[in-house]
Amino acid sequence: MEVIIQPDYHQLTTVASEIIRDALLKKPNLVLGLATGSTPIGLYKALVRMYKEDRLDFSEVTTFNLDEYVGIPYQHPQSYHTFMANYFFDHVNIPKENQHIPQNTTENHEAFCEVYEETIKRAGGIDIQVLGIGTDGHIGFNEASSSLASRTRIKTLSRSTLEANAAHFGGDVNAVPEMAITMGIGTIMEAKQCLLLANGVSKADAIAKAIEGPITSMVPASILQMHSKTVVLIDETAASDLKEVEYYKRSYANKLKLQSR
Ligand code: F6R
């Protein structure tokens with residue numbers, strides 16, 4: 001795992017956007033796995049800025065979102081369809097037909113999930129999967145105790161996720177949909193690269209467990225220790241429970257030194 005600690009949220013999302021920009025310049029038909037939530041908003045803003053000011057071209061990009069609530073319409077202000085349109089898709093030139101978000105209104109979830117997996121395969125697999133992390137260590141909506149080999153499926157949200165997401169539903173925990181379709185942990189692990197972003201002290205415990213704790217389904221993000229190309233990009237506060245901060249900082253400084261030679 002490569003752990004990159006940045007002084008603040010702005011700088012961590014800047015580094016994340018540069019990783020995606022560099023990959024996109026090398027491979028114009030990049031396949032991106034995308035997350036929602038408050039964490040990646042700064043990343044989407046930076047990519048929109050690169051599109052508008054630097055003419056970064058997304059016209060051949062394909063995207064797959066990690067998850068979507070079940071039981072609310074696409075047009076709901078808190079659906080992940082609405083989120084992605086507001087923060088990213090309405091502002092860059094990714095063709096509509098290349099944008100994939102789990103369908104929250106399908107009658108046949110099982111068949112839909114199989115098709116979603118197939119569509120990812122047909123696109124050649126995900127090149128970079130953007131991830132946030134829940135305070136309980138979840139990635140996507142793979143809650144604690146999720147199978148580490150799981151595939152796209154329906155999951156019931158944990159109490160802590162419902163409580164964390166209530167803020168987006170007027171503070172009413174009962175208004176948060178109880179279920180979601182999410183890529184599985186096995187699906188996420190097949191991405192060629194994972195980019196896990198976290199900021200704020202509320203994520204410090206989950207980050208420490210995911211990076212330095214044992215691999216366990218009780219902290220789903222800990223499986224990323226088994227991924228050969230995961231970059232964890234965090235700010236100082238999210239890094240505050242890590243034991244090896246000095247080592248991660250020195251390793252990153254050395255990497256930059258090598259790159260500037
Ligand atoms: C959202 C997702 C979730 C979030 C996580 C953190 O698509 O997959 O795993 O990344 O719940 O959410 P925020 O960023 O709002 O703290």
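A quick note: this is a predicted structure, and the numbers were derived from the prediction, not measured. (Residues numbered from 1 in each chain as written. Predicted model: local features only at pLDDT ≥ 70, side-chain atom pairs only at ≥ 80, totals over all residues. Heavy atoms only, no water.)

Peer 1: Whenever I open this one, the nonpolar core confuses me. Can you help?
Peer 2: As a rule of thumb, soluble globular proteins bury nonpolar side chains together. In terms of nonpolar packing, the biggest core is built from 73 residues, with F58, F88, L195, I207, L233, I234 and L242 touching the most fellow members. For this core, the element with the highest residue contribution is helix α1 (residues 9-26), accounting for seven residues. What I207 contacts, discounting residues up to four positions off in sequence, is I133, L196, A198, V232, I234, A238 and L242. If you look at the next biggest cluster of nonpolar residues, it comprises 10 residues, including Y80, L157, A166 and V176. (Core = buried A, V, L, I, M, F, W, Y, C linked by side-chain atoms within 4.5 Å. Buried < 20%, exposed > 50% of the residue type's maximum accessible area, 1.4 Å probe, protein only. Helix = DSSP H or I, 4+ residues; strand = E, 2+ residues; numbered from the N terminus. Contact = heavy atoms within 4.5 Å.)

Peer 1: Honestly, the environment of Y248 in this entry has me stumped. Any pointers?
Peer 2: Examined against the element boundaries, Y248 turns out to sit in helix α8 (residues 245-259). Spatially, the C-alpha atoms of Y248 and E2 are 7.6 Å apart, while their sequence positions differ by 246 residues. Setting aside residues no more than four positions away along its own chain, Y248 makes contact with V3, I5, I211, E212 and L242. Of note is the side chain of Y248, whose polar atom sits 2.7 Å from the side chain of E212. (Polar contact = N/O pair within 3.5 Å; in protein donor to acceptor, adjacent residues only side chain to side chain.)

Peer 1: It is not clear to me how the packing of aromatic side chains should be interpreted in this structure. Could you clarify?
Peer 2: Counted according to the given criterion, the structure contains 12 aromatic pairs. Summarising the aromatic geometry, the rings of Y51 and F58 are spaced 6.4 Å apart at their centres and angled 65° between planes, so their arrangement reads as edge-to-face. Arranged with centres 4.7 Å apart and planes meeting at 45°, the rings of F83 and Y87 form a pair that is tilted. Note that F83 and Y87 are positioned in helix α3 (residues 80-87) at a spacing of four residues, about one turn of the helix. (Phe/Tyr/Trp six-rings, centres within 6.5 Å; stacked < 30°, edge-to-face > 60°.)

Peer 1: Explain α1 here, please?
Peer 2: An α-helical turn contains 3.6 residues, so any two residues separated by three or four positions project in the same direction. Here α1 contains 18 residues, and its C-alpha end-to-end distance of 26 Å stays within 8% of the 26 Å for a straight helix at 1.5 Å per residue. For α1, every residue scored as buried is listed here: L12, T13, V15, A16, S17, I19, I20, A23 and L24. Capping of α1 at its N-terminal end is provided by D8; its side-chain oxygen lies 3.3 Å from the backbone amide nitrogen of H10. (Expected span 1.5 Å × (residues − 1).)

Peer 1: Hey, could you run me through the pattern of salt bridges in this one?
Peer 2: Tallied over the entire structure, the rule returns 11 salt bridges. A salt bridge links D127 to K27, with the shortest nitrogen-to-oxygen separation between them at 2.7 Å. Here D127 is found in the loop between α4 (109-122) and β6 (128-131), whereas its partner K27 is found in the loop between α1 and β2 (31-34), with 100 residues between them in sequence. Judged by relative accessible area, which is 10%, D127 ranks as buried. Across the pair E236 and K249 runs a salt bridge whose closest N-O atoms are separated by 2.9 Å. In this pair, E236 sits in the loop between β10 (230-235) and α8 while K249 sits in helix α8, placing the two residues 13 residues apart along the sequence. When salt bridges that share partners are traced, they join K27, D127 and K192 into one network. (Salt bridge = Lys/Arg side-chain N within 4 Å of Asp/Glu carboxyl O.)

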